[in-house]
Amino acid sequence: MSILVIAEHDNASLKGATLNAVAAAAAIGGDVHVLVAGNNAGAAAQAAAAVAGVAKVLHADGAALGEGLAENVTAQVLALASGYSHIVFPATSNGKNIAPRVAAKLDVAQITDVTKVVSADTFERPIYAGSAIATVQTADAVKVLTVRTTAFDPAAATGGAAAVESVAAVADTGKTTFVSRELAKNDRPELTAAKIVVSGGRALGSAEQFNAVMGPLADKLGAALGASRAAVDAGYAPNDLQVGQTGKIVAPQLYVAAGISGAIQHWAGMKDSKVIVAINKDPEAPIFSMADYGLVADLFTAVPELTAAL
């Protein structure tokens, strides 16, 4: 039994989600192979070869794969799929974009957001915004999975010595064209990989107050900055900061929620945090039933005082 993990990378280095996906694949059992599909991505392929537990790296290098367009990467995965019992993607934006296409082309069911491997054909995944866990068994010949990265400790980035094998890169499908990419520049840690996350809610009232109150606390703690869906919908914070069922799933060592009521949508995105601290002036806010530590106070007073005390 061989398992193919689809690596996420920037052509120069692996992204952390790949390490979590490798760990999930290792839990299934069998040989773990990693596909690095890109353009001039030799450095990423070598990084994948060094990951502990990886038996082989398949390196597909071609101009059509350079920007990670879903149609082209799907074609590359399908060209290799017949040799594998499982195809594993991280449950990131890219993984969620490509995995359904692969599953549809293979005429199999996709198992989404796997949080636990029970056996080679049985997996656990959250349903109803994480309020229940479903155990799913599949008899499909090829099992296509996306794995929730916060549920699996990352494989060690070093210690492996896998062989790197070049495979033929697919031609451009011609279905989509890369136009441009605008990257948000941020000196803070990446949200889904941060050990500390500081999030603000709608109670902050404006984008200016969101940045003025929450930004200094995040900087003092060396934390990533997050936001509730309500804050994002109100325009206080950009979409890429949203934590929740329809945003990003985080599991930091410390999660600080200020002015967040604790709706189930938000809870689904941060419930695996090791320590949760809530600051809210409403003593009846649901967030307090979820928090390890709660402070009933006006965030405009409490957060600056906390920042000054650190």
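Our subject in this report is the structure included herewith. (Residues numbered from 1 in each chain as written. Predicted model: local features only at pLDDT ≥ 70, side-chain atom pairs only at ≥ 80, totals over all residues. Heavy atoms only, no water.)

1. Let's talk about the overall build of the protein
Item 1. Looking only at helices and strands, the protein has nine helices and 15 strands in total.
Item 2. For the protein, whose C-alpha radius of gyration is 21 Å, the value lies close to the compact-globule estimate of 19 Å for 310 residues.
Item 3. Summarising its shape, the C-alpha atoms of the protein cover approximately 60 × 40 × 40 Å along the three principal directions.
Item 4. The 310 residues of the protein split such that 48% are buried. (Helix = DSSP H or I, 4+ residues; strand = E, 2+ residues; numbered from the N terminus. Rg over C-alpha atoms; globule rule 2.2 N^0.38 Å. Buried < 20%, exposed > 50% of the residue type's maximum accessible area, 1.4 Å probe, protein only.)

2. Considering the pairing of strand β12 (residues 224-227)
Item 1. Burial along β12 is two-sided: A224 and G226 facing one way and L225 and A227 facing the other are all buried.
Item 2. Note that strand β11 (residues 196-200) and β12 share four bridges and pair parallel. Note that in β12 the partner of G200 across the bridge is A227.
Item 3. Following the backbone out of β11, through helix α5 (residues 207-221) and into the adjacent parallel β12, one traces a crossover that is right-handed. (Pairing = 2+ DSSP bridges. Right-handed = clockwise from strand over helix to strand, strands pointing away.)

3. As for the sheet that holds strand β4 (residues 86-90)
Item 1. If you trace the seven strands from one edge of the open sheet to the other, you get β5-β9-β4-β1-β2-β3-β10, paired in parallel fashion. Looking at strand neighbours, the two that pair on one side only are β5 (110-114) and β10 (163-167), the edges of this open sheet. When the angles between neighbouring strand axes are averaged without regard to direction, this sheet yields 25 degrees.
Item 2. Inspection of the sheet shows strand β2 (residues 31-38) paired to strand β3 (residues 56-61) by six bridges, in the parallel sense. The residue bridging V34 from the neighbouring strand is V57, located in β3.
Item 3. On top of the sheet, helix α3 (residues 70-80) reaches β1 (2-6), β2, β3, β4 and β10; it is set at about 145 degrees to β2, its chief contact.
Item 4. In the packing of helix α4 (residues 93-106) onto the sheet, the strands contacted are β4, β5 and β9 (143-147), and the crossing angle to β4 comes to about 160 degrees. (Axes fitted to C-alpha atoms, helices over the stretch in contact; angles between N-to-C directions. Contact = heavy atoms within 4.5 Å.)

4. A closer look at the sheet that holds strand β13 (residues 254-258)
Two orientations exist for strands paired in a sheet by backbone hydrogen bonds: parallel and antiparallel.
Item 1. Taken in spatial order, the five strands line up as β12-β11-β13-β14-β15 in an open sheet, and their pairing is parallel. At either margin of the open sheet sits one strand with a lone partner, and together these are β12 and β15 (293-296). Shown here is a sheet whose adjacent strand axes are inclined to one another by a mean of 15 degrees, direction ignored.
Item 2. Sheet contacts for α5: β11, β12 and β13; angle to β11, the most-contacted strand, approximately 170 degrees.
Item 3. Along the sheet, helix α9 (residues 299-309) makes contact with β13, β14 (275-280) and β15, crossing β14 at roughly 135 degrees.

5. Quick look at the pairing of β13
Item 1. A large share of β13 lies buried, amounting to four of its five residues.
Item 2. Sheet topology note: the β11/β13 ladder contains five bridges and is parallel. Across the sheet, V197 pairs through a bridge with Y255, a residue of β13.
Item 3. In the classification by handedness, the crossover that spans β13, the intervening helix α7 (residues 264-270) and the parallel β14 is right-handed.

6. Topic: the side chain of N280
Item 1. Note that N280 resides in strand β14.
Item 2. At 3.3 Å, the side chain of N280 forms a polar contact with the backbone oxygen of I260.
Item 3. The residues touching N280, leaving out its near neighbours within four places in the chain, are G259, I260, S261, A285, F288, L295, V296 and A297. (Polar contact = N/O pair within 3.5 Å; in protein donor to acceptor, adjacent residues only side chain to side chain.)

7. Description of the side chain of Q76
Item 1. In this structure, Q76 sits in helix α3.
Item 2. Engagement of the side chain of Q76 in a polar contact is seen with the backbone oxygen of A168, the distance being 3.2 Å.

8. Structural notes on the pattern of salt bridges
Item 1. Here the structure, examined in full by the defined rule, presents eight salt bridges.
Item 2. Close ionic contact of R101 with E71 constitutes a salt bridge, the shortest N to O distance being 3.3 Å. Of this pair, R101 sits in helix α4 while E71 sits in helix α3; the two residues are 30 residues apart in sequence, bridging distant segments of the chain.
Item 3. For R101, a relative accessible area of 32% corresponds to the partly exposed category.
Item 4. D272 is paired through a salt bridge with K271; the nearest N and O atoms lie 3.7 Å apart.
Item 5. In this structure D272 comes out as partly exposed when scored by relative accessible area, which is 32%. (Salt bridge = Lys/Arg side-chain N within 4 Å of Asp/Glu carboxyl O.)

9. Regarding α4
Item 1. If you check α4, its first and last C-alpha atoms are 21 Å apart, about what 14 residues at 1.5 Å a residue would give, namely 20 Å.
Item 2. The inward-facing, buried residues of α4 abut α3, β4, β5 and β9. (Expected span 1.5 Å × (residues − 1).)

10. Here's the deal with the packing of α5 against α9
How two helices sit against one another is set out by the angle between their axes and by the gap between those axes.
Item 1. Contact geometry of α5 with α9 gives a least axis separation of 9 Å together with a crossing angle of 30 degrees. As far as their axial angle goes, α9 and α5 are roughly parallel. Crossing of α5 over α9 shows left-handed handedness. Here α5 contributes Q209, V213, M214, P216, L217 and K220 to the contact with α9, which in turn contributes L299, F300, V303, L306, T307 and A308.
Item 2. Classifying every residue of the contact of α5 with α9 gives nine nonpolar, two polar and one charged. (Parallel < 35°, antiparallel > 145°, perpendicular 65-115°, else oblique. Left-handed = near helix turned anticlockwise from the far one by under 90°. Nonpolar A, V, L, I, M, F, W, Y, C, P; charged D, E, K, R; others polar.)

Keep in mind these values describe shape, not function.
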